[in-house]
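So you can see what is in the structure, the chains are spelled out below.
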Amino acid sequence: MTEQTLEKTKKRIKISNLHEIGLLIALIIVLLLFSLTTENFFTQRNFTSILRSASYVGLIAFPMTFVLITREIDISVGPSVAWSGLLFVILIKWYDFGYLTSAVIVILWGTLLGYFIGVARTKLFIPTFITTLALWSALRGYSLFVTEGRPIAISNKEFRYFFGGDILGLPTVTWIMLGAFLIFWFASKYTVTGTNFYAVGGNPKAARNIGINVDRVKILALIGTSLFSAIVGILFVARVSSGNANLADGMEFDVIAAVVVGGTALAGAVGTMTGTLLGCVFIAMISNGLIHWGIDPDLNRVVKGIIIFLAVVINSNFTFKSNSGGPKED
Amino acid sequence: MSDNLVLEAKSVSKFFGTITALQNVDLHLNKGEVLGVVGDNGAGKSTLMKVLSGLYKPSEGSLFFDKEKVSLNSPRDSQNLGLEMVYQDLALAGNLPIGDNIFLGREPTRKVGPFNFLDHKKRKQLTEEHLAKLKINVKSADQKVEELSGGQRQAVAIARATAFNAKIVLMDEPTAALAVKEVGKVLDLILNLKKLGVSVIVISHRMDDIFTVCDRVMALFQGTNFAESELKNTSRDEVIGWIMGKKD
């Protein structure tokens, strides 16, 4: 290897993988820290539990990565998960729909919701922050109104055991998440659609000049988070055997934190699925470890707040360095 | 007129409400020719380019590509006819590598069953071949555009414009934002396109650019044809006079 190619290789590692390598090292440090200071952290049971919560977050974090890359955001995912789960249960319990039919309707609902957010953004020029903030309030409020704040239970053992349980030692939801990861990873690297997300985030005007349908790309990204929120809603119901208006409280925070910790820039254009996957595990591990330390769950939120802040500090400094001159407007 | 005519605009006018941006402007371009278009701000240069590229529809007059009358509804139409525009702001995505930018929106793909997948290998190979053909030097086709200098970015924008066998390339102030030492490289690139048989229209304020690369220069003044000459029959002072609306 010549001097120059070595230099080039080094540089490429620096720019594209440094964040992921850094995160992996941080992950190992956190793992060692919790393992050495608590008794029950380093057990198979606990790892399964960490994986399970990372998986629910991950299923929404992958599409969220595309949303952030296109310079949009979806903060409605928590209430969206709760409402989707409720809708699923209501269809079964109150209207006697089958499980499959209900699931199809809920997934359709998620798709339409994302389409609505996307159209509001691209045709009515409403920032996604505003639309999803409105939905954040409306979906949670309506869920509470419909149920009067009480959970609605369902009892179907097969459904609970399969989707809420384990397969081959891993939670079913983890297998689903890994499948989704592969699809999203592949899409981001090897499809025209995936490239278009990066192009739209990198320079929307250029993308439009070239003939990329920028509106369609953004709508597609936004359908992703709503659709997967609907899927996670159903999976949550399988786990807890009920629909509950208070489900997934604060989940939008975990999802966005995981994506940002994973190296995706809130300003768009930069981000990888591998980073997001690591980010999900990182956030889940910290939440779990703090509980093992006996720290109050409310303080847990404080710690997560600090983590996301620090992640953005590190993240934007990376962006500045690789970006000859800081973030650009367009 | 010559047999090599690739593009012609005949008495093109463009009105925006009561404002006349262009009035009965004629323009012609031969194969492998570099035409310089000069004029003061507001003389109608950019409007004329936008009409040629299909971004604006002319209010009056007609366009001919290869002597055939055409009607353009969008930049896509002119692209299909072999005309590409290099925008002043370059319109590149800084977060993407050079190759991705060149093939953005026109990526080489491989069909696997019903699915179309990106062909990274082919894209890289095509990028390297194309950059070599234009004698553009970059460290690697995988470099991100935001890591490049202004001149290299301009080169990438030109490479993108010519990656699909463009016959005509329009360039709006290709050297305006560049460091002095990079201007020469971009001008070399334009001469290279000429050698490859591409016709180029260059809008520029810089007499150095015009007198280095152009075969012919035409001046617009207040939206009309003002003067035109083969480069060898004119001088810098004369062209500067045209820009200011002075003719001997």
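Residues numbered from 1 in each chain as written. Chains lettered and ligands numbered in written order. Predicted model: local features only at pLDDT ≥ 70, side-chain atom pairs only at ≥ 80, totals over all residues. Heavy atoms only, no water.

### Brief notes about the overall build of chain B
In terms of helices and strands, chain B carries 8 helices and 12 strands. On C-alpha atoms alone, chain B measures out to a radius of gyration of 19 Å, which is about the 18 Å that the 2.2 N^0.38 rule sets for 248 residues. Dimensions of chain B, computed from C-alpha atoms along their principal axes, come out at roughly 60 × 40 × 35 Å. Here chain B holds 248 residues, and 54% of them are scored as buried. Looking at chain B as shown, the accessible area adds up to about 11,300 Å², and 49% of this sits on carbon and sulfur atoms. (Helix = DSSP H or I, 4+ residues; strand = E, 2+ residues; numbered from the N terminus. Rg over C-alpha atoms; globule rule 2.2 N^0.38 Å. Buried < 20%, exposed > 50% of the residue type's maximum accessible area, 1.4 Å probe, protein only. Areas by Shrake-Rupley, 256 points an atom, 1.4 Å probe, with all protein chains shown as cover.)

### Topic: the sheet that holds strand β11 (residues 216-221) of chain B
Residue and element names in this part refer to chain B. With mixed pairing, 6 strands are arranged side by side in an open sheet as β6-β9-β10-β3-β11-β12. The outermost strands of the open sheet, each flanked by one partner alone, are β6 (83-86) and β12 (224-230). Going across the sheet, the axis of each strand differs from the next one's by a mean of 20°, ignoring polarity. Sheet strands touched by helix α1 (residues 45-53): β3 (34-38), β6, β9 (168-172), β10 (199-203) and β11. Its angle to β10, the strand with the most contacts, is close to 150°. (Pairing = 2+ DSSP bridges. Axes fitted to C-alpha atoms, helices over the stretch in contact; angles between N-to-C directions. Contact = heavy atoms within 4.5 Å.)

### A short note on the interface of chain A and chain B
The interface of chain A with chain B comprises 26 residues on the first partner and 24 residues on the second. Regarding the contact of chain A and chain B, the summed buried area is about 2,200 Å², with carbon and sulfur atoms giving 53% of it. On the surface where chain A and chain B come into contact, there are 0 salt bridges. Mapped onto the side of chain A that touches chain B, the elements with two or more residues apiece are α1 (3-37), α7 (172-190), α8 (192-202) and α9 (204-210) of chain A. Along the lines of polarity and charge, the residues of the side of chain A that touches chain B split into 10 nonpolar, 10 polar and 6 charged. (Buried area = accessible area lost by both parts, 1.4 Å probe. Salt bridge = Lys/Arg side-chain N within 4 Å of Asp/Glu carboxyl O. Nonpolar A, V, L, I, M, F, W, Y, C, P; charged D, E, K, R; others polar.)

### Notes on the pattern of salt bridges
If you walk through the whole model with that rule in mind, you get 17 salt bridges over all chains. Between B:Arg106 and B:Glu84 there is a salt bridge, and its shortest N-O distance comes to 3.0 Å. Taken together, the residues span a long stretch of sequence, with B:Arg106 in the loop between α3 (98-102) and β7 (109-112) and B:Glu84 in strand β6 at a distance of 22 residues. Looking at B:Arg106, the relative accessible area reads 22%, which means it is partly exposed. Because the salt bridges share partners, they merge into one network encompassing A:Glu72, A:Arg121 and A:Lys218.

### Comments concerning helix α5 (residues 150-162) of chain B
Each α-helix turn comprises 3.6 residues. Residues three or four places apart therefore point the same way. The end-to-end C-alpha distance of α5(B), which contains 13 residues, comes to 19 Å, matching closely the 18 Å that a straight helix rising 1.5 Å per residue would cover. In terms of burial, α5(B) is largely enclosed, as 10 of its 13 residues are buried. Next to the buried residues of α5(B) lie α9 of chain A together with β6, α3, α4 (120-133), β9 and α6 (180-195) of chain B. (Expected span 1.5 Å × (residues − 1).)

### Quick word on unusual backbone geometry
Glycine aside, a negative phi is what most residues show, and trans is what most peptide bonds show. Despite not being glycine, A:Phe125 has its phi angle at roughly 60°, a positive value. Mapped onto the elements, A:Phe125 comes out in the loop between α4 (99-122) and α5 (128-147). Under the relative-accessibility criterion, A:Phe125 is labelled exposed at 62%. A positive phi angle, near 55°, is found at B:Lys135, a position not held by glycine. Within the fold, B:Lys135 resides in the loop between α4 and α5. Overall, the relative accessible area of 60% leaves B:Lys135 in the exposed class.

### Description of the side chain of A:Ser102
When you line up the elements, A:Ser102 lands in helix α4. Apart from the residues within four sequence positions on either side, A:Ser102 is in contact with A:Phe88, A:Leu91, A:Ile92 and A:Phe97.

### Considerations on the packing of helix α2 (residues 44-69) of chain A against α7(A)
Residue and element names in this part refer to chain A. With their axes 9 Å apart at the nearest point, α2 and α7 run at an angle of 25° to one another. It follows that α2 is roughly parallel to α7 by the angle criterion. Where α2 crosses over α7, the two elements pack in a sense that is left-handed. Side by side, α2 and α7 meet where Leu51, Arg52, Ser55, Tyr56, Gly58, Leu59, Phe62, Pro63 and Phe66 of the first sit next to Val173, Thr174, Ile176, Met177, Ala180, Phe181, Phe184 and Ser188 of the second. For the contact of α2 with α7, the class distribution of residues is 12 nonpolar, 4 polar and 1 charged. (Parallel < 35°, antiparallel > 145°, perpendicular 65-115°, else oblique. Left-handed = near helix turned anticlockwise from the far one by under 90°.)

### Observations concerning the confidence of the model for chain A
It should be kept in mind that the predicted coordinates are not to be read in detail where pLDDT is low. Residues and elements named next belong to chain A. On average, residues of chain A score 88 in pLDDT, and 90% of them are at 70 or above. Within chain A, the lowest mean pLDDT, 74, falls on α1, and the highest, 97, falls on α4. The model gives residues 319-330 a pLDDT under 50, and that stretch makes 16 contacts with residues more than four places away or in other chains. (pLDDT = per-residue confidence, 0-100.)

### Some thoughts on a nonpolar patch on the surface
All names here are of chain A. Where nonpolar side chains cluster on the molecular surface, the patch consists of Leu124, Ile126, Phe129, Ile130, Leu133 and Trp136 and spans about 550 Å² of accessible area. Assignment of secondary structure puts Ile126 in the loop between α4 and α5. For Ile126, a relative accessible area of 31% puts it in the partly exposed group. (Patch = residues over 30% accessible without salt bridge, like charges linked within 9 Å, V, L, I, M, F, W, Y side chains within 5 Å.)

### What to know about the sheet that holds strand β1 (residues 5-16) of chain B
Residue and element names in this part refer to chain B. Read from one edge of the open sheet, 4 strands run β2-β1-β4-β5, paired in antiparallel fashion. At either end of the open sheet lies a strand with only one pairing partner, and these are β2 (19-30) and β5 (68-70). Neighbour-to-neighbour, the strand axes of this sheet turn through a mean angle of 25°, independent of strand direction. Relative to β2, β1 runs antiparallel, the two being bridged by 8 bridges. What sits directly across from Phe15, in β2, is Thr20. Across the sheet, α1 touches β1, β2 and β4 (60-65), and the angle it forms with β2 is around 60°.

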